[in-house]
Amino acid sequence: MTAAPRSAWRVAPGGVISGTLTIPGDKSISHRALMLGALAEGDTHISGFLAGEDCLATARALEALGVRLERPAATDVLVHGVGRAGLEAAASALDMGNAGTAMRLMMGVLAPQRFDSTLIGDESLMRRPMERVAAPLQMMGARIHTHAGRPPVEIQGTPQLRAIHYSLPVASAQVKSAVLLAGLAAAGRTRVTEPHPSRDHTERMLRAFGVELTQSGRTIALEGGQRLRGTAVAVPADFSSAAFFIVAACLAAERSLLLSNVGVNPTRTGLISLLRRMGADIRVHPRTVAEDPGVEPVADVEVHRSALRGITVPEALVPLSIDELPVFFVAAACASGETLVRGALELRVKESDRLATMAAGLAALGVEHQLLPDGLWIRGSGTLGGGRVDSCGDHRVAMAFAVAALRARTAIEITDVANVATSFPQFERTARAAGIVIEAL
Ligand code: S3P
C-alpha cells in the first residue's frame, strides 16, 4: 500500500485570469489508451498522454503483466500490444495508487486471464467500493473476491466467461467499461444498459481499435472474441482539468481566457451547460468536424467573466458533470442566489466523500450551505472568507479551493494537496500562468 506525502498550498486572495492555456491530457482516455493498446495486436502510439500518477500506475501495472512500453517523449507512449491472450502473471500485487478507474477497468481486463491477480492501492483507494464491478463480472462467471466490497481485489483468472445483459444500477462509466472489457473475452454477446448516459470513452476507443460495438438507446453491445488492432491515439486536454480554469475565468477573467485543444465529448461537458444556465459566457470553437463514433470531439474553449446566478441543477446533468461538481460548488458559492444539487450520491465514494469535504471547506470560508444526503444547497455571496481548508487528499477538492481564492477576502491555505499529481501534475505552474497567486508551503 502506498501512502501519499502531505503538503499544502497558500493561495493569495484575488487575482485576474487571462491568457491562453494548454491543459494536460485526459486521464480517462490515457488509462484506456494504455489498456486497449496492451490488449491489441501490434503497436499503439499515444500522443498527448497524461503523465500523472494515476495513469503511471496503470502503465506500471501493465509492465508488471509483461507489456513493453516506451516513452519517446514525456507525453508520448508507444505500447507494444500483446493481444488479448498475451498478458502474463505479475510477480506481486498490482498497486493502482489512488486510481479508481485503473483498478475497476483492470478488473475487467484481468478477470478472463489464465492467471491470478491481486489489486491494491493507496489509503483512499483501499476504502472505495469495488463490489459494483465484482458483481457483474461474477455473473459472467469470473472468480473475484473483495474484502467487504473493498480492495484488495483478488482475481482467480477464468478464461471461460459468458456474456450477460447487465443493467447498471447507477450511471458509472467504470462499471460499464469493466463489463465491456470482460465481454471481449466472453462467449456470446455482452450487453450493458445504463440508467443515464455516462462517459463513453471506452466505446469510442474500442471502435478506434477495430472492435464492432452497437448502441441502441441506452444499451451498448459487443460480441466476444473480437481482436483489437493497434492504432494511434491522440489524447485531448482533460475537460475535468480545464474545468478549474473555466470556473476561474467566469469568476475573474480580465477579458477572456482561452483553453486550447480541450476534449468536449458531450458525456463530459455538463459543467458548460450548468454554467451557461447560471449566466456564463462560454464559447466552444470546434476543432474536429464530423461526428465520428470512434473519435473524441475536441475544441478551443473561450471563457469570459460573467455575473453568475444560482440554479437548481437538473439531475440528468449530474453524471455528465460528476468530476466537475467540486469546482461547480465554488462557482455556486460565488454566484448570487441559491444553488441546489441533488442526485449526486456518487460524490460520496470518490477520492474523498466529496459532499462532506466540500461542505467542510465551504464552512471554513463562511459560505452558507446545507449538506444533504445526496447533494448540497448553497447560498451564494459575491465574496468568500479565507482560512484553512483540508482537501482530505482529494485532488479535485484541492484545486477547486485554489480557484475559490479568486473571490476570497483573505488567503486560503489548502492542506494535503500532494494527490493533485494524480491528475494535474503541472497545476501550480498552470494556475500561476493563468493569474492565481499560489505558493507551495
Ligand atoms: C471515470 C468515470 C467516473 C469518474 C472518474 C473517471 C472513468 O467514475 O468519476 O473520475 O474514467 O471511467 P464512475 O464510473 O464511478 O462514475
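This is a predicted model, so every value here is computed, not measured. (Residues numbered from 1 in each chain as written. Predicted model: local features only at pLDDT ≥ 70, side-chain atom pairs only at ≥ 80, totals over all residues. Heavy atoms only, no water.)

Caption draft 1: Spatial organisation of the site of the ligand. Every residue near the ligand is listed here: Ser-28, Arg-32, Thr-101, Ser-172, Ala-173, Gln-174, Arg-199, Ile-322, Asp-323 and Lys-350. The separation between an oxygen atom of the ligand and a polar side-chain atom of Ser-172 is 2.8 Å. At a separation of 2.7 Å, an oxygen atom of the ligand approaches a polar side-chain atom of Lys-350. Relative to its free-state accessible area of 390 Å², the ligand is covered by the protein chains to the extent of 94%. Residue assignment for the shell around the ligand shows that the elements contributing at least two residues are α1 (27–39) and α5 (173–183). (Near = heavy atom within 4 Å. Polar contact = N/O pair within 3.5 Å; in protein donor to acceptor, adjacent residues only side chain to side chain. Areas by Shrake-Rupley, 256 points an atom, 1.4 Å probe, with all protein chains shown as cover. Helix = DSSP H or I, 4+ residues; strand = E, 2+ residues; numbered from the N terminus.)

Caption draft 2: How the structure looks around the sheet that holds strand β10 (residues 165–167). As summarised here, the arrangement of the four strands in space is β10-β11-β13-β12, forming an open sheet in which the pairing is mixed. The sheet is open, and its two borders are formed by β10 and β12 (213–216), each paired with just one other strand. Ignoring which end each strand starts from, the neighbouring axes of this sheet average 15° apart. Relative to β12, helix α6 (residues 201–208) is tilted by about 140°, and along the sheet it contacts β12 and β13 (219–223). (Pairing = 2+ DSSP bridges. Axes fitted to C-alpha atoms, helices over the stretch in contact; angles between N-to-C directions. Contact = heavy atoms within 4.5 Å.)

Caption draft 3: Geometry of the packing of aromatic side chains. Scanning all chains against the criterion turns up six aromatic pairs. Look at Phe-245 and Phe-424: their rings are 6.2 Å apart centre to centre, the planes differ by 70°, and that puts the pair in the edge-to-face class. With Phe-245 in helix α7 (residues 239–252) and Phe-424 in the loop between β22 (412–415) and α12 (427–434), the pair connects residues that are 179 residues apart, well separated along the chain. Comparing Phe-245 with Phe-424, the two get one shared label, buried. By the ring-pair criterion, three or more aromatic residues cluster together here, those being Trp-9, Phe-244, Phe-245, Phe-424 and Phe-427. (Phe/Tyr/Trp six-rings, centres within 6.5 Å; stacked < 30°, edge-to-face > 60°. Buried < 20%, exposed > 50% of the residue type's maximum accessible area, 1.4 Å probe, protein only.)

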